[in-house]
Amino acid sequence: MRRGHIAAVAAAGALTVLATIPAHAAEYSSALKIKGVQYDAPGRDSNNCATGNTDEEYLTIKNYSSSATVNLKGYVVKDATGNKFTFTKNHTLQPGDYVKLRGGRGTDSDASNVVYRNNCNFIWNNDKDTIYLYKPSGAHADTHAYTASVNDRDGNGYITYHG
């Protein structure tokens, strides 16, 4: 085989490997990434605003930059069926800082690293779902799909991404 053919075969093989990587494993250019998700709130699910446990379901978003401060205003979180939450207020994450986006109602706090969706319905499915994080521009920041039986080996309802 000539050198040009070997390079072409190697390139085609690399393209085949890239084409088979699932979409949920794609890496996007973003300082903000999904650190983890408590997709199954502890206890029996109840979306009653007064006595329910939707505030125990949360998504942790972390600023993985070593130098950039990121304002969450305008970022969007969605699930596979299109349920979404938009950060409408300023919430700044310093490098290495994180925020827990919780269900239910509560008071947002930079000091406690928490933002509430002010919605008492659960957003994440307990069996499987896909989590999308979009930048204010509409570009993807991060995406992860999970299946409880595959990704939650200890069965505690929490899955970690990006360490």
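Details of the structure are given in the entry above.
Residues numbered from 1 in each chain as written. Predicted model: local features only at pLDDT ≥ 70, side-chain atom pairs only at ≥ 80, totals over all residues. Heavy atoms only, no water.

Engineer: Residue-level account of the overall build of the protein chain, with values.
Structural biologist: Looking only at helices and strands, the protein chain has two helices and 11 strands in total. Counting from the amino terminus, helix and strand elements in the protein chain follow one another as α-β-β-β-β-β-β-β-β-β-β-α-β. Here the protein chain, with 163 residues, has 36% of them falling under the buried criterion. Here the analysis covers contacts within the protein chain between residues at least 6 apart in sequence; of these, 57% occur between residues at least 24 apart. Summed over its atoms, the accessible surface of the protein chain is roughly 9,100 Å², and 50% of this surface lies on carbon and sulfur atoms. (Helix = DSSP H or I, 4+ residues; strand = E, 2+ residues; numbered from the N terminus. Buried < 20%, exposed > 50% of the residue type's maximum accessible area, 1.4 Å probe, protein only. Contact = heavy atoms within 4.5 Å. Areas by Shrake-Rupley, 256 points an atom, 1.4 Å probe, with all protein chains shown as cover.)

Engineer: If you had to explain the sheet that holds strand β5 (residues 84-86) to someone new, which residues and values would you point to?
Structural biologist: The sheet built from four strands is open, its strands ordered β5-β4-β9-β10 with antiparallel pairing. Looking at which strands have only one partner, the edges of the open sheet turn out to be β5 and β10 (140-147). Along the sheet, successive strands turn relative to each other by an average axial angle of 10°, direction set aside. Bridge analysis of strand β4 (residues 76-78) against strand β9 (residues 128-134) gives three bridges, and the strand direction is antiparallel. (Pairing = 2+ DSSP bridges. Axes fitted to C-alpha atoms, helices over the stretch in contact; angles between N-to-C directions.)

Engineer: Quick one: what's the story with the nonpolar core, residue by residue and with numbers?
Structural biologist: If you look at the biggest cluster of nonpolar residues, it comprises 25 residues, and the most contacted ones within it are Leu59, Phe87 and Trp124. When residues of this core are traced back to their parent elements, those giving at least two are β1 (32-38), β2 (58-63), β7 (98-102), β9 and β10. With three residues, the top contributor of residues to this core is β1. (Core = buried A, V, L, I, M, F, W, Y, C linked by side-chain atoms within 4.5 Å.)

Engineer: Could you give an account of the state of the cysteines, naming the residues involved and the relevant values?
Structural biologist: The tally for this structure, following the rule as stated, stands at one disulfide. Here Cys49 engages in a disulfide with Cys120; their sulfurs sit 2.0 Å apart. Here the S-S torsion is close to 120°, and the disulfide linking Cys49 with Cys120 is therefore right-handed. Taken together, the residues Cys49 in the loop between β1 and β2 and Cys120 in the loop between β8 (114-116) and β9 connect sequence positions 71 residues apart. Overall, Cys49 belongs to the partly exposed group, its relative accessible area being 48%. (Disulfide = S-S within 2.5 Å.)

Engineer: Could you give an account of the pattern of salt bridges, with specific residues and numbers?
Structural biologist: All chains considered together, the criterion is met by one salt bridge. For Arg117, the salt bridge goes to Glu57, with nearest N and O atoms at 3.9 Å. Linking Arg117 in the loop between β8 and β9 with Glu57 in the loop between β1 and β2, this pair joins segments that are 60 residues apart in sequence. With a relative accessible area of 13%, Arg117 lands in the buried category. (Salt bridge = Lys/Arg side-chain N within 4 Å of Asp/Glu carboxyl O.)

Engineer: Describe the packing of aromatic side chains, listing the residues and the values that go with them.
Structural biologist: For the coordinates displayed, the defined rule picks out four aromatic pairs. Ring centres 4.9 Å apart and planes at 35° place the aromatic pair Tyr39 and Tyr146 in the tilted group. Of this pair, Tyr39 sits in the loop between β1 and β2 while Tyr146 sits in strand β10; the two residues are 107 residues apart in sequence, bridging distant segments of the chain. With respect to burial, Tyr39 and Tyr146 carry one shared label: buried. (Phe/Tyr/Trp six-rings, centres within 6.5 Å; stacked < 30°, edge-to-face > 60°.)

Engineer: A description of the environment of Asp55 should follow, citing residues and the corresponding values.
Structural biologist: Along the chain, Asp55 turns up in the loop between β1 and β2. Residues Asp55 and Tyr116, spaced 61 residues apart in sequence, show a C-alpha to C-alpha distance of 7.8 Å. Contacts of Asp55, omitting those with residues within four sequence positions, involve Arg102, Gly103, Gly104 and Tyr116.

Note that all results are geometric; they support no functional claim without further evidence.
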